[in-house]
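Understanding the architecture of this molecule
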Amino acid sequence: MGVTGCFLDPSRACPLMTTTAKRNHSSDSGICAASAEKLRLLTTSMRAHTCGELTDAHVGQQVSVCGWVQSVRAVSDTLLFVLLRDAYGTLQLLAEKSRMPDSLFDKHQKLLGSLSVDSLVAVTGTVARRPEGMAKGEDAIELLIDKARMLNVAERLPFNPHTKANLPSEEVRLGHRYLDLRRSDLQRNIRLRSKTTMTIRQYMDDNGFVDIETPMLFKSTPEGAREFLVPTRIGPGSCYALPQSPQQFKQMLMAAGFDRYFQIARCFRDEDLRADRQPEFTQVDMEMSFVSKQDIQNVVEGLIQRVWHSIKGVDVTVPFRRLTFADATNRYGSDKPDTRFGLEIVQTPQLSQEHHTIAEALVIPHGAKTITSKGLAPVMEMIQASQSNSESRLTTVHKVGDQGMTGLSKATLLHRWLAGSGNSHTSDKTEAQKLEEFLRHVGAKTGDLVFVSERSAHVTPATTTLGRVRSMLGKLLHDKGMMHIPDDQYEFLWIEDFPLFTRLEDSADGQFSATHHPFTAPVDQDLALLYSDPAKVHGQHYDLVLNGVELGGGSIRIHDAGLQSYVFEKILRLNPEVQASFSHLVTALGHGCPPHGGIALGLDRLVAILTGSQSLRDVIAFPKSKNGRDIFMKSPAVATESQLAEYGLHTVEEKG
């Protein structure tokens, strides 16, 4: 699209975006000069105009258009209406016997009356105003057919992409993706994605970034997710790996002295799929030298401002709010919290029985009265699962009534505390006094629902059990009209001060993994702790979050070869073979690599938010299905024996 100055929000769309043409708009009331120029560039030898550009200004002119026949309606033996569609709008065509010779009308009636949906025609005719009383809003003009020519007759379609009712399953639509992409919603999404990408490229160029492509054929490295391997004939057993990200390449570019790099990068991860994940995805990748995290955040905030203004017509306020990882997980139970609504978690250290546990509570106002057992059922199932996989040690739910709280069995944290256990020195108080103290501490009142949970302090969860409860009940209350979560409120925030390392198990001496990736630098004030107590070290890592969705993450990198080797060997305890796979990086760091950092933003998720799409598959032209397959292209396909033999491979049957 690339029409400067035209908003692509559905309510502000320019003619190049809509599926219903803008009608009766002067140049100062909707069709900008840039749009008009773009439309003129769309003239070809087969068409002088598009269906979406014709207005009152064209009345009386003879024009030629091409497009798909969306519907045919024969009102009588003497009157025929055709709705024609192209990429830029729709146009009503009219064949009326009183306005043309009988033989010509009969010819048009025979040609157009028998057309199937989405057959293609070329039409020449005269632009006219619709009769008074028949004009519908913007559709005030029509085209009186003079000549019509068949371009391609469509066979019976597997489904009609122009009606939202009775659409088949996604699997069926993905099997005919070219048809599915004719739907107005998907057309809008893909065009908006194009506009977003061009806005990003222009902003990055304006800010001195160099667009550099990095290789798609890399090597396997243990950076976290499972990789796609690409066999090669270079040597027996030799494989490339498709990159999970350009992380190491962009650090090499900083070592090379490019100072500011970016690319719209294709990335690949062989992971289990869900609505917000694809095996191949796109990210806005950038890296900068001689910077602090504040410098990088400033660039990203400016980028978000540019995108939201260009695409949505919304002016985003900067700087974005900042939360530490500890605050985010303690108050919202997530490292990507939705802060558009309250329901904050309250820490209750008095309930903890052991020093390495965290006790906390979540109050749902009026929940005891308004949330039914049926509404709570999926929440309780999730709680049960969280205890089974050790995400939480114990989570219970209680109703606050006039006579106290329900569910105070001997196994609950509250009962044990009321009976005298826990870290609180309140043994001289009665149980009723202690319960009143607890309710006052968490802010609970009669009629409220209170969730109490205990989790390990050694494990660093991205989302706690109470965080999941908060999200599930927040949505439930919103759907019931009891709490408003505005769709047009954009709560951007930075999550910072992550633990640099995460324990892999619930123990004080468990093995560490890198919370972000192994190249993230520690904060300066924690550098000494790296050698004495790495569990307490915070990293210079930052995530950008919007309304409960992680848009991207980045960090300041380790640029000292010795420090990077120490992290690999002494903290992460990587075996020598794995360390050797990063030797090129350590070598480059030792040859004069500047301090540097960067970030990657998920373009697919960004566009999904801008379009209000629930699935990433709705903003990708040719996505994979839920099980990672391209149903239309029938990919992946089984390789032949000769193909496998050429690479020295053979298949092995899975064991029972």
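See the structure shown above.
Here's what I pulled together on the structure shown here. In this text, all values refer to a predicted model and were calculated from it rather than measured experimentally.

Moving on to the pairing of strand S17 (residues 492–496). Taken residue by residue, a regular strand's side chains alternate between the two faces of the sheet. Of all 5 residues making up S17, 5 are buried, and the element is well covered by its neighbours. Burial of S17 is two-sided: the residues Phe492, Trp494 and Glu496 facing one way and the residues Leu493 and Ile495 facing the other way are all buried. One ladder, built from 4 bridges, connects strand S11 (residues 321–324) with S17; its direction is parallel. By the bridge assignment for S17, Arg321 is matched with Leu493. When S17 meets strand S20 (residues 541–546), the two strands line up antiparallel, connected through 4 bridges. Each residue of the ladder has a partner; that of Ile495, found in S20, is Asp543.

The next thing to look at is the sheet that holds strand S3 (residues 89–96). The mixed closed barrel is built from 5 strands, whose spatial order is S1-S2-S3-S5-S4. Here the strands of the sheet are splayed against their neighbours by 50° on average, with no regard to which way each runs. For strand S1 (residues 62–76) and strand S2 (residues 79–86), the ladder comprises 7 bridges, and the chain directions are antiparallel. Bridge assignment links Ser71 to a residue of S2, and that residue is Leu83.

The next thing to look at is the packing of helix H5 (residues 184–206) against helix H18 (residues 603–611). For the pair H5 and H18, interaxial distance at closest approach is 10 Å and the crossing angle is 120°. Considering their axes alone, H5 and H18 lie oblique with respect to each other. Taken as a pair, H5 and H18 cross one another with a handedness that is right-handed. Together, Arg188, Asn189, Leu192, Arg193, Thr196, Thr197 and Ile200 of H5 and Leu603, Asp604, Leu606, Val607, Leu610 and Thr611 of H18 make up the contact between the two elements. Of the residues that constitute the contact of H5 with H18, the class distribution is 6 nonpolar, 4 polar and 3 charged.

What follows deals with the side chain of Arg455. Residue placement: Arg455 occurs in strand S16 (residues 449–456). Arg455 gets classed as buried once you look at its relative accessible area, which sits at 6%. A polar side-chain atom of Arg455 sits 3.3 Å from a polar atom in the side chain of Asn330.

In this section: the nonpolar core. Core analysis: the biggest nonpolar cluster contains 49 residues, and Ile200, Met286, Val300, Trp308, Phe492 and Leu544 have the highest contact counts within it. Here this core gets 8 residues from one element, more than from any other, and that element is helix H7 (residues 293–312). In contact with Val300, other than residues within four places in its own chain, are Met286, Trp494, Leu544, Ile599 and Leu601. Residues Cys51, Val82, Leu84 and Ala95 belong to the second largest nonpolar core, which totals 22 residues.

Attention shifts here to the sheet that holds strand S6 (residues 210–211). On the basis of which strands lie adjacent, the open sheet formed by 8 strands has the order S6-S9-S10-S22-S21-S20-S17-S11 and mixed pairing. Two strands lie at the open edges of the sheet, namely S6 and S11, each paired on one side alone. Inspection of the sheet shows strand S21 (residues 549–556) paired to strand S22 (residues 596–602) by 5 bridges, in the antiparallel sense. Residue pairing in the sheet places Ser555 in a bridge with Gly598 of S22. Of the strands in this sheet, S6, strand S9 (260–268) and strand S10 (280–289) are in contact with H5, which crosses S9 at around 150°. Set on the sheet, helix H8 (residues 325–332) makes contact with S11 and S17; between it and S11 the angle comes to about 85°.

What follows deals with unusual backbone geometry. In the segment running from Val318 into Pro319, the intervening peptide bond is cis, with an omega of 0°. Turning to its location among the elements, Pro319 is positioned in the loop between H7 and S11. That bond from Ser635 to Pro636 is cis: its omega, 0°, falls within 30 degrees of zero. Among the secondary structure elements, Pro636 is positioned in the loop between H18 and helix H19 (641–646). For His366, which is not a glycine, the phi torsion comes out positive at approximately 60°. For His366, the position within the fold is in the loop between strand S13 (357–364) and helix H9 (367–370). Since its relative accessible area comes to 48%, His366 is described here as partly exposed. In this structure, Asn547 is a non-glycine residue whose phi angle is positive, near 50°.

Calculation criteria
Residues numbered from 1 in each chain as written. Predicted model: local features only at pLDDT ≥ 70, side-chain atom pairs only at ≥ 80, totals over all residues. Heavy atoms only, no water. Buried < 20%, exposed > 50% of the residue type's maximum accessible area, 1.4 Å probe, protein only. Helix = DSSP H or I, 4+ residues; strand = E, 2+ residues; numbered from the N terminus. Pairing = 2+ DSSP bridges. Axes fitted to C-alpha atoms, helices over the stretch in contact; angles between N-to-C directions. Parallel < 35°, antiparallel > 145°, perpendicular 65-115°, else oblique. Left-handed = near helix turned anticlockwise from the far one by under 90°. Contact = heavy atoms within 4.5 Å. Nonpolar A, V, L, I, M, F, W, Y, C, P; charged D, E, K, R; others polar. Polar contact = N/O pair within 3.5 Å; in protein donor to acceptor, adjacent residues only side chain to side chain. Core = buried A, V, L, I, M, F, W, Y, C linked by side-chain atoms within 4.5 Å.

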